[in-house]
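What the coordinates show
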Amino acid sequence: MSAPRNDELIHSGSDGVVDWLTNGTRDQRFIDNIFAEMCIRLQQAGIPLKRSTLHVMIQHPQWLGARFMWSDGMREAEIARVDFDVRERSEYIGSPANEMFDGATEVRENLERNPALGRKHALYDEMRAKGLTDYVAWPLYHTLGKRHLVTFSTDRPGGFDDAHVAALKKVLPVLALVSEIRIKNRLARTLLETYVGTHAGELILAGATRRGTGTTVRAAIMICDLRDFTKISDNWPRDDVIDLLNDYFDAMSDPIVRHGGEILKFIGDGLLAIFPLHEPNACANLLRAVTEARRAMAALNERNNGTGRAPMNYGIGVHVGDVMYGNIGSTSRLDFTVIGPAVNMASRLETLTKQVGRPVLLSRDFAELVAPEFELERVGRHAVRGFSEPIELFAFQPGAET
């Protein structure tokens, strides 16, 4: 009985990779891990794979896409984010990705031949310098016409042969299905994190989507509002107003997230954030976030001053208490938010910052939790709309930490 030919072994090995992609990746959540293991299995199947990349387009507020890169000897793929302006840069113009997204169904480059006879791009020069001999790229088709990109390279003298190419092509349809599922799962998570916040997004993904469901959470509540926004929006060009709001929210939001707070929503020119008290330092972290936000706003105003824009001012109200955290809305449109008297109090304190003339007002309940660590100014008792008794208030000068 004759031994099986090499191409038959490769064919059998690629079938094994296809079977693994189909049945062996169900418990694997991340496409980068699947991609790296797939490349290793292709090597074990007899394909002389030296380098491979997977390029995917994603819907993310900061990035156009991502690139996963595997090289011989790696157990995990390297992940690089791709900026929105990449299509204007030399690394993209004339690249295989450029050709592919312009409609090509295959890009193949013999890296052993005279470079003057082949395609001109820095990528091919880099591959030759690393000793690679052959490169092939194919589109990876997802549903509704979405095209992504996968590439394979080898350092085998003579490059990939026909059996290698056939084996690689065999895995593409299954890789497309497996990658689409993971990318859409990641997309769902990203969109929820972007629009409702990380914690709320996790709860929604876990099935907390029924109207009226929720939990009671004890938290420090922070409500911030931009001053004179109506006048700004009436007098400034639309694009300038949008840029101003984005800069303002960046200055306020980044410190909140960095110190463990969760931004639940932006309301016009305001925001609502909570710092759950299951974190022992939640209240102190809130004031540290306010301190950093103040510095960021000062830097933003200094930059805007150079363009003739008036400085932006804000008011922040802070309280602590129990809130109902969950789904509220109509039968077809829900909002995952917090409600309760504690939220109302924080909102009233934010409004009072105008009357009292202090940018940050704290309730006594909140102040008692941070007073040993922060210097606070007592500003007296004030009537608060919707509450029967006057409330004792404290002002916080950001940066006044003992």
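Scroll up to find the structure this text is about.
Being a predicted model, the structure only gives us computed values, none of them experimental.

Burial along strand β12 (residues 360–363) is two-sided: the face carrying V360 and L362 and the face carrying L361 and S363 are both buried. Bridge count for strand β10 (residues 314–329) against β12 is 3 bridges, and the pairing is parallel. From the neighbouring strand, I316 faces β12, where its bridge partner is V360.

Residues Y248, M252, L286, I316 and F366 are the most contacted members of the largest nonpolar core, which totals 41 residues. Here this core gets 10 residues from one element, more than from any other, and that element is helix α9 (residues 282–305). With sequence-adjacent residues up to four places away left out, F366 is seen in contact with A220, C283, L286, L287, V318, H319 and V320. I31, L49, V136 and L172 belong to the second-largest nonpolar core, a separate cluster that totals 39 residues.

Time to look at the pairing of strand β1 (residues 51–57). Of all 7 residues in β1, 5 are buried; the element is thus mostly enclosed. Pairing geometry for β1 and strand β6 (residues 147–154), over 5 bridges, is antiparallel. Among the inter-strand pairings, L54 is bridged to a residue of β6, identified as V150.

What counts and how
The numbers attached to residues start from 1 for each chain and follow its sequence in the written order. Residue-level local features of this predicted model are given only where pLDDT is at least 70; pairs of side-chain atoms are given and counted only at 80 or more, and the full residue set underlies all totals for whole chains, interfaces and linings. Derived side-chain values reflect all non-hydrogen atoms in the structure, with water molecules and hydrogen atoms excluded from consideration. Under the scheme applied here, a residue whose accessible area is under 20% of the maximum for its type counts as buried, over 50% as exposed, and between as partly exposed, the area being computed with a 1.4 Å probe on protein chains only. Secondary structure elements are taken from DSSP: a helix is a run of H or I of four residues or more, a strand is a run of E of two residues or more, and numbering for both begins at the N terminus. Two strands form a pair only when DSSP identifies at least two bridges running between them. The nonpolar core is taken to be a set of buried Ala, Val, Leu, Ile, Met, Phe, Trp, Tyr and Cys residues, with the residues joined through side-chain atoms within 4.5 Å. The contact criterion used throughout is that any non-hydrogen atoms of two residues lie within 4.5 Å.

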